Amino acid sequence: KSIRDTSVHTLLCCMHEHYEDCPWREQALYTLDSRNQMLAGYEVFEDKNAEFVRANLDLISRGVRKDGILALYYPAGLDYPIPFYTLAYLMQMDEYVQNTGDVTLAEEKFDILVELLNVFYARTGNNGLAMRFPDSENYWNFYEWSKHLSGSPKFKELSANEQPYEANLSAALSLASSAMANICKALRKVDEASFYSSKAKEIADAIANTFYNEKTGFFFDFTNRPEIQPSTLTQAMCVLCGAADNVERDNLVKSIADNGGSFGEIEVIPATLSMACFRYDALLKISKDGYKKVIIDEIDRDCGYMLEKGATTFWETLKGEADFSGAGSLCHGWSAMAAYYYSKLL
């Protein structure tokens, strides 16, 4: 109960005139952060927080840039766009329709959703995967705050046509395509729903063909950095989008459940709190009954740790204020997901 109440309090502290990732360091409306907040809000607020969610989804849609993807946050004066976060917006819109039954917003924003996906489809190579966006053009290829996935600009010298492929970007595109298929079904756009379902499967199959290593039993993260150890997030994303449906996955599933670990010569990089929802949802896709206790026990452990340290709201990462050179947030909306999974599983 203490964990649930603290989660709800964290959510409330991160709601201003729009969702904000934290009330202290920056009061910015991000898609991925707000997706976590929306999911939790559907479960803990009597009205599912529907009016506030709708207003935020509308506001986000007004931040479409000239290049066709969403601004990092909106409104803002500075911009450093994360392509991965644009794809999260499709997931948010689908989840809004599922949780509220309101299709009017998706109908109103339908053309925007189509164009967002078309930007990524236009950057799909002959292998069926989405190319990394050029660092030289000030894109931030961020996935999470873990080793190798924070998107530091390593390839500024590469032209737009020379970009490598990254498993998480293509997995997110597959998931966004599935979300769009669901939206089309809700809007009774049958042909469009079939098209986006096919795109989702094509991309998932391409991920399996390119990134899965039969020798190790893991999906690797990058086409141009084979020396880098696989990440837990990548394994979870590949399970969720269906890329792992037809491969040997015992080790990769264990790495998701354990959040990393050693597997012979392979050292799987753990995921951070921001990506716990993808890990948990991957495990629930595999077996709700089999992994319910694993998820609840981890939430109890991590949130309990913060409470033991005196937390009254949940932190950005388990390092607390010490993270990010002393700028770690001690109240972060994406860390309130305990309430969501308690509601779903208990």
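The structure contained in this document is the topic of the report that follows. Keep in mind the model is a prediction, meaning the values are calculated, not measured.

Moving on to the packing of helix 6 (residues 110–121) against helix 8 (residues 190–211). Following both chains from N to C, one finds helix 6 and helix 8 inclined at 30 degrees, their axes separated by 13 Å at the closest point. In the crossing of helix 6 with helix 8, the sense of the turn from one axis to the other is left-handed. Here helix 6 contributes Val 114, Leu 117 and Tyr 121 to the contact with helix 8, which in turn contributes Phe 195, Tyr 196, Lys 199 and Ile 203.

To continue, consider unusual backbone geometry. As a rule of thumb, non-glycine residues mostly have phi less than zero, and peptide bonds are mostly trans rather than cis. Omega for the peptide link from Tyr 74 to Pro 75 comes to -5 degrees, which places this bond in the cis form. With respect to the helices, strands and loops of the structure, Pro 75 is situated in the loop between helix 3 (50–61) and helix 4 (83–100). A positive phi angle, close to 75 degrees, is found at His 148, a residue other than glycine. Structurally, His 148 can be placed in the loop between helix 6 and helix 7 (167–186). Not every positive phi belongs to a glycine, and Asn 259 is a case in point at roughly 55 degrees. Along the chain, Asn 259 turns up in the loop between helix 10 (250–258) and strand 3 (261–263).

In this section: the layout of surface pockets. Of the voids in this model, the largest pocket is the one considered here, and its volume is about 600 Å³. Surrounding the largest pocket, 23 residues form its lining, Arg 35, Glu 95, Leu 240, Asp 281 and Tyr 340 being those nearest its centre. Breaking the lining of the largest pocket down by element, the ones donating at least two residues are helix 2 (31–44), helix 4, helix 7, helix 9 (232–241), helix 11 (276–286) and helix 14 (338–345). A breakdown of the residues in the lining of the largest pocket according to their chemical character gives eleven nonpolar, five polar and seven charged. Taken together, 20 residues line the second largest pocket, and the ones lying closest to its centre are Ala 271, Thr 272, Leu 273, Thr 317 and Leu 318.

Our focus in this paragraph is the pattern of salt bridges. The full count for this structure, using the stated rule, is 22 salt bridges. Of the charged contacts in the structure, one is a salt bridge between Glu 108 and Lys 109, with a shortest N-O distance of 3.6 Å. Owing to a relative accessible area of 7%, Lys 109 belongs among the buried residues under this scheme. Between Lys 201 and Asp 205 there is a salt bridge whose closest N-O contact spans 2.8 Å. In this pair, Lys 201 and Asp 205 are both assigned in helix 8, four residues apart and thus about one turn of the helix distant. With relative accessibility at 53%, the residue Lys 201 sits in the exposed group. One connected set of salt bridges, linked through shared partners, spans Arg 54, Asp 58, Arg 62, Asp 102, Glu 108 and Lys 109.

Cut-offs used in this document
Residues numbered from 1 in each chain as written. Predicted model: local features only at pLDDT ≥ 70, side-chain atom pairs only at ≥ 80, totals over all residues. Heavy atoms only, no water. Axes fitted to C-alpha atoms, helices over the stretch in contact; angles between N-to-C directions. Helix = DSSP H or I, 4+ residues; strand = E, 2+ residues; numbered from the N terminus. Left-handed = near helix turned anticlockwise from the far one by under 90°. Contact = heavy atoms within 4.5 Å. 1 Å grid on protein atoms, 1.4 Å probe; cavity = no way out; pocket = protein on both sides within 12 Å on 5 of 7 lines; lining within 4 Å. Points joined across faces, edges and corners; volume = space filled by probe spheres on them. Nonpolar A, V, L, I, M, F, W, Y, C, P; charged D, E, K, R; others polar. Salt bridge = Lys/Arg side-chain N within 4 Å of Asp/Glu carboxyl O. Buried < 20%, exposed > 50% of the residue type's maximum accessible area, 1.4 Å probe, protein only.

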